Amino acid sequence: MITKVPVLDLKDNIAVSGKSGQRETYTPLQSVFSSSSDPIEIANNLKLNGAKELYIADLDLIDSNGHNLHQVKMVNNILPVIFDGGVKDFESYTFFLDYAYKVIVATETLESLDELQRIFEAFPKERIVLSIDIKDNKLYSKHLDISLDKLKKILRYLDPAEIILLDISSVGTNKGFNKELLKEFEEFKDKLIIAGGINKDSLVELEKEGIKKVLIGTSLHNGEIAIL
């Protein structure tokens, strides 16, 4: 059975929701798991409903506009957190390890491939999650200018334990996963965590494709999909 990892985006100390990565338009999250947007309360109720781990993106940190690390650390005491705080380099990755069970290294914020290699050389793969961020079917990155083919060569060399395939354009749309993107990275599917636009129908299709784990935000918080 496919593992469903709940998603929480944090901004100004609360959980928020929005579409397609347009962070300036995000609003307080309305979730069937809580009467408020308090991430601690939501995490407790997610655990009661069967969640085994939780993905958190600190949007303030990613945009270099403050942070929500206190909330992240508290949630990590409730459920193991897979954390995206906008890792730029070896030092920031190391720092975030004190706050979460696993730390994401995302193409959006990573400063160089050399820093990525340093991280993989120094830490166990079980605590590193590589996120391939895609927007409008192109690699999304503030610093890297590489093709998907070159990126795939790097993946073969580093051999990550888990790779998030995040279609930012589909986030919050509930329109289904990006099939072309999955086909592009098919050789890594035993490691892939699919994210962006996941709905009920997606789960059936992805399970047939052999995908073992997905990130779910909108469809989970609105009650369309259950954790178990």
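As a reminder, the structure under discussion sits directly above these lines.
Each value, and the rule that gives it
- Residues numbered from 1 in each chain as written.
- Predicted model: local features only at pLDDT ≥ 70, side-chain atom pairs only at ≥ 80, totals over all residues.
- Heavy atoms only, no water.
- Buried < 20%, exposed > 50% of the residue type's maximum accessible area, 1.4 Å probe, protein only.
- Helix = DSSP H or I, 4+ residues; strand = E, 2+ residues; numbered from the N terminus.
- Pairing = 2+ DSSP bridges.
- Right-handed = clockwise from strand over helix to strand, strands pointing away.
- Salt bridge = Lys/Arg side-chain N within 4 Å of Asp/Glu carboxyl O.
- 1 Å grid on protein atoms, 1.4 Å probe; cavity = no way out; pocket = protein on both sides within 12 Å on 5 of 7 lines; lining within 4 Å.
- Points joined across faces, edges and corners; volume = space filled by probe spheres on them.
- Nonpolar A, V, L, I, M, F, W, Y, C, P; charged D, E, K, R; others polar.
- Core = buried A, V, L, I, M, F, W, Y, C linked by side-chain atoms within 4.5 Å.
- Contact = heavy atoms within 4.5 Å.

Asker: Can you explain the pairing of strand E10 (residues 192-195)? Please cite residues and give values.
Answerer: Here E10 shows a buried face lined by Leu192 and Ile194 and a second buried face lined by Ile193 and Ala195. In the sheet, strand E9 (residues 162-167) pairs with E10 via four bridges, with the strands oriented parallel. Counted as the bridge partner of leucine 165 is isoleucine 194 from E10. Where E10 and strand E11 (residues 213-216) come together, three bridges link them in parallel fashion. Bridge pairing in E11 places isoleucine 193 opposite lysine 213. Once you follow E10 into helix H8 (residues 200-209) and on to E11, the crossover reads as right-handed.

Asker: If you had to explain the pairing of strand E6 (residues 102-106) to someone new, which residues and values would you point to?
Answerer: Of all five residues that make up E6, five are buried, and the element is covered over most of its length. Neither face of E6 is exposed, since Lys102, Ile104 and Ala106 on one face and Val103 and Val105 on the opposite face are all buried. Taken together, the two bridges between strand E5 (residues 81-84) and E6 define a ladder with parallel strand orientation. By the bridge assignment for E6, phenylalanine 83 is matched with valine 103. For the crossover from E5 across helix H4 (residues 90-96) to E6, the handedness is right-handed. In this structure, E6 lies alongside strand E7 (residues 128-135), joined through four bridges in parallel fashion.

Asker: Could you give me a rundown of the pattern of salt bridges, with the residues and numbers involved?
Answerer: Oppositely charged side chains may form a pair once their charged atoms are brought near each other. Summed over the entire model, instances satisfying the criterion amount to 13 salt bridges. Between lysine 152 and glutamate 184 there is a salt bridge, with its nearest N and O atoms 2.7 Å apart. Of this pair, lysine 152 sits in helix H6 (residues 148-158) while glutamate 184 is found in helix H7 (residues 179-184), placing the two residues 32 residues apart along the sequence. For glutamate 162, the salt bridge is made with lysine 213, and the minimal N-O distance between the two is 2.8 Å. With glutamate 162 in strand E9 and lysine 213 in strand E11, this residue pair connects regions lying 51 residues apart in the sequence.

Asker: Talk me through empty space enclosed by the protein; I want residue IDs and the actual numbers.
Answerer: Summed over the entire model, instances satisfying the criterion amount to one cavity of 30 Å³ or more. Looking at the largest cavity, its volume works out to about 50 Å³. What lines the largest cavity is simply Leu165, Asp167, Phe177, Asn178, Leu181, Leu182, Ile194, Ala195 and Gly196. For the lining of the largest cavity, a count of residues per class yields six nonpolar, two polar and one charged.

Asker: Summarise the nonpolar core; cite the residues concerned and give the values.
Answerer: If you look at soluble globular proteins, the nonpolar side chains tend to sit buried side by side. Membership of the largest hydrophobic core comes to 65 residues, with the highest contact counts inside it found for Phe185 and Ile194. Top element by residues in this core is H6. It accounts for five residues. Setting aside anything within four residues of it in sequence, one finds phenylalanine 185 in contact with Ile132, Leu148, Leu151, Lys152, Leu155, Leu165 and Leu192. Core analysis: the next-biggest nonpolar cluster, separate from the first, contains 18 residues, Val16, Tyr55, Ile104 and Ala106 among them.

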